[in-house]
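What follows is each chain in one-letter form.
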Amino acid sequence: DAILGSVHLAPDVAEAVRRGRPVVALESTIISHGMPYPDNLAMAREVEAIVRANGATPATIAIIDGVPLVGLTDDQLARLAELGPSARKVSRRDVASCIARGATGATTVSATMLLAHRAGVEVFVTGGVGGVHRDGHVTMDVSADLTELGKTPVCVVCAGAKSVLDIPRTLEYLETQGACVLGYGVDEFPAFFTRTSGCAAPGRVDSPREAAAVVKAGRRLGMGGTVLAVPIPAEHEADGAESERAIERALAEARERGISGNASTPFLLKRIRELTGGKSLESNVALVKNNA
């Protein structure tokens, strides 16, 4: 593996970066904490295959036995998928500790952006970004994804912010951080499981070329990251009313159990999956593949 500033690049990723070929970063928390096994492994393999089929090199990012890796082998993917929530959930805050302890951790959006940028990878695909949690104005529970987007020049292709969040406040916080937010082919910011959120997207682009021009302009000025929000395909969209009922119930249960911080989103997504009879999992897989 190539080593770049203590970040280890898989051989195919290192070669692509060296030659200026397209590389797409992929996070690993969605594998360990976002879906059950073996659905998570199947999804990870499918997304990597989609990236390859479109002419780019996939680079799933994780910390394995204390080594930050940009690009995983299939065995490493399988190990992370089998570990599931037993793997550490690693945000920017946790990266140095995870490395120093020789631990294995799955990277969130913020940690994936950090390591991708360190490796020279400029585009990153995920399901949805974190944000301001509901009641976040009281609890101050705001995802590190948002501050990372304000300072790290990586374009994050996603299906908007997760529906369990306070999306209006999330967009306000992104504006405060100076992060560029674009709707892809839409004027309304998507909300993960659903195509609509009731919030206008701050900007809009209608083609990869337009999106690339915005990202390039920001990079030239030394600005931070970009959110490219791609709505879930209509045929895979969850029923809005059903999803909202499941979200409200899951939120209430989380409050009753005292679940907060970085345990919130995994718990909420798991309960929503259970409450919707697996429909939310199908939507989640579909939107990630569409983003790739």
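All values reported here derive from a predicted model rather than from experimental measurement.

**Q** Mind showing me how you'd approach the pattern of salt bridges here?
**A** Side chains bearing opposite charge may pair, as long as their charged atoms lie close to each other. According to the stated counting rule, one finds 18 salt bridges in the structure shown. The salt bridge partner of Glu15 is Arg19, with a shortest N-O separation of 2.3 Å. Of this pair, Glu15 and Arg19 are both found in helix H1 (residues 11-19), four residues apart, which corresponds to roughly one turn of the helix. Judged by relative accessible area, Glu15 falls into the partly exposed class, the value being 29%. Here Lys270 ties to Glu274 by a salt bridge, and the two come within 2.8 Å at their closest N and O atoms. Here Lys270 pairs with Glu274, and both are found in helix H12 (residues 264-275), just four residues apart, close to one helical turn.

**Q** How should the packing of helix H3 (residues 39-53) against helix H13 (residues 279-291) be read in this particular structure?
**A** A pair of packed helices can be characterised by two numbers: the angle between their axes and the separation between those axes. Here H3 crosses H13 at 20°, and the two axes come no closer than 10 Å. Here H13 runs roughly parallel to H3, going by the angle between their axes. The crossing of H3 and H13 is right-handed. Along its contact with H3, which presents Asp39, Met43, Glu46, Val47 and Ile50, the element H13 presents Leu281, Val285, Val288 and Lys289. A class-by-class count of the residues in the contact of H3 with H13 yields six nonpolar, no polar and three charged.

**Q** What's the story with the packing of helix H8 (residues 144-151) against helix H9 (residues 167-177) in this structure? I'm lost.
**A** Viewed as axis vectors pointing N to C, H8 and H9 meet at an angle of 30°, and their least axial separation amounts to 8 Å. Handedness of the H8/H9 crossing: right-handed. Judged by residue contacts, Leu146, Thr147, Leu149 and Gly150 of H8 engage Thr170, Tyr173, Leu174 and Gln177 from H9. When the residues that make up the contact of H8 with H9 are grouped by side-chain class, the tally is four nonpolar, four polar and no charged.

**Q** Is there a simple way to think about H12 in this case?
**A** Given 3.6 residues per helical turn, the α-helix brings residues three or four places apart onto the same face. Compared with an ideal rise of 1.5 Å per residue, which puts twelve residues at 16 Å, H12 spans 16 Å between its outermost C-alpha atoms and is within 8% of the ideal. Where H12 is concerned, the buried positions are Ser264, Thr265, Pro266, Phe267, Leu268, Leu269, Arg271, Ile272 and Arg273. Positive backbone phi, at 65°, marks Gly277, one or two positions downstream of H12.

So, how was this worked out
- Residues numbered from 1 in each chain as written.
- Predicted model: local features only at pLDDT ≥ 70, side-chain atom pairs only at ≥ 80, totals over all residues.
- Heavy atoms only, no water.
- Salt bridge = Lys/Arg side-chain N within 4 Å of Asp/Glu carboxyl O.
- Helix = DSSP H or I, 4+ residues; strand = E, 2+ residues; numbered from the N terminus.
- Buried < 20%, exposed > 50% of the residue type's maximum accessible area, 1.4 Å probe, protein only.
- Axes fitted to C-alpha atoms, helices over the stretch in contact; angles between N-to-C directions.
- Parallel < 35°, antiparallel > 145°, perpendicular 65-115°, else oblique.
- Left-handed = near helix turned anticlockwise from the far one by under 90°.
- Contact = heavy atoms within 4.5 Å.
- Nonpolar A, V, L, I, M, F, W, Y, C, P; charged D, E, K, R; others polar.
- Expected span 1.5 Å × (residues − 1).

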